[in-house]
Amino acid sequence: MRSARAPEDGLAPVDPDDTGSRPVPEATVARLAVYLRVLTTLLAEGRGTVSSEELAAAAGVNSAKLRKDLSLIGSSGVRGVGYDVSRLVAEVEATLGLTRPHAVALVGVGNLGHALAGYGGFAQRGFPVAALFDVDPALVGTTIGGVEVEHADTIPWVCAERGVTIGVVATPAPAAQQVCDHLVTAGVRSILNFAPTVLAVPAGVEVRKVDLAVEMQVLSFHVARRHGTVPAAGPTATPRQTPREAVSR
C-alpha cells in the first residue's frame, strides 16, 4: 500500500488510494482548468516547483482553496518546497481527461464561428478542430484553418466518422436545437453552446453555455454599482399615507 505524501503548509495527509473515489465538484473542475493554464506557463518557463501561495495568486484564488482543490485529485506539495510543476500538470491533465486529444466539431462559421475556427490555441491545448459545418452556400466548401466547411446536414455521419467528442454550437438561436440534435445523433456527448438559447438534451449529454450578452449585462451591473446608479435591493416601497394625507391629495 502506498504511503500518504507529506502535505505542504500543514494540510492533513492525503491518502492517494482514497482520492479516486471522491467526486470532484463542478466549481473545482473550473478552477483546475485555471491552475493548469498557470502551470503550463510555469513549465514552459522551466520552473521546477511552485508554492501554493504563488500558484493561488496567479490563479486568483486563496491558497487554502487551492490546496483543498488539489487534495481532491490526490495532489499535495512538500513543506518548504511546494508542488512539483511537471507532476502537478500531469495530475491535473489526467483529472480533466486531457491525456488524449478531443476532436471538436464547430457548427456555424459566421463572424463568431469563423473566429473560433481560426483560433490555434484549441489545438495546442488538445482540442483540434476536426470538422466545420454551416448551411450558407457561400461558406460551404471554403477552408478555415485547413479544415473544409461542410453542410450541416452531414453532421451525423461526418462527426461519427471523425470521432468527434465535443461539439461547438455557434449558430443563430432558431437553428441551435436542430444542430444539437444532429450532434447527439452522431454520438457527441459534450456540447459548448454559444447560441442565445437553452438546448434540450437527453440524459448523459453535458452542455456548457457561453452567452456573451449576459456576461456584458453582468459587467454593466458592476459598472453601474461603481457609479452609484444601482437601485437598492428589493422592490421600491410606496410610502404609506395617513388618512389625512390621502384626503388632502
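Shown above is the structure to which this text applies.
Residues numbered from 1 in each chain as written. Predicted model: local features only at pLDDT ≥ 70, side-chain atom pairs only at ≥ 80, totals over all residues. Heavy atoms only, no water.

Q: It is not clear to me how the side chain of Thr28 should be interpreted in this structure. Could you clarify?
A: By the secondary structure assignment, Thr28 is in helix H1 (residues 26–44). Thr28 gets classed as buried once you look at its relative accessible area, which sits at 2%. If we ignore the near neighbours within four places in the chain, the residues touching Thr28 are Asp69 and Leu72. (Helix = DSSP H or I, 4+ residues; strand = E, 2+ residues; numbered from the N terminus. Buried < 20%, exposed > 50% of the residue type's maximum accessible area, 1.4 Å probe, protein only. Contact = heavy atoms within 4.5 Å.)

Q: Looking at this model, I keep getting lost on the packing of aromatic side chains. Mind explaining?
A: For any pair of aromatic rings, geometry is given as the distance between the ring centres together with the angle between the planes. Using the criterion set out here, one finds one aromatic pair in the structure. On the numbers, 4.9 Å between centres and 90° between planes, the contact of Tyr119 with Phe122 is edge-to-face. The class for Phe122 is partly exposed, based on a relative accessible area of 30%. (Phe/Tyr/Trp six-rings, centres within 6.5 Å; stacked < 30°, edge-to-face > 60°.)

Q: What is the right way to read the pairing of strand E6 (residues 147–151) from this model?
A: If a strand is regular, its side chains alternate between the two faces of the sheet. Across three bridges, the pairing between strand E4 (residues 129–134) and E6 is parallel. Note that in E6 the partner of Leu132 across the bridge is Val149. In this sheet, E6 lies alongside strand E5 (residues 143–144) in antiparallel orientation, the contact comprising two bridges. By the bridge assignment for E6, Ile144 is matched with Val147. The antiparallel hairpin formed by E5 and E6 contains two residues in its connecting segment, where Gly145 sits at a positive phi of about 60°. (Pairing = 2+ DSSP bridges.)

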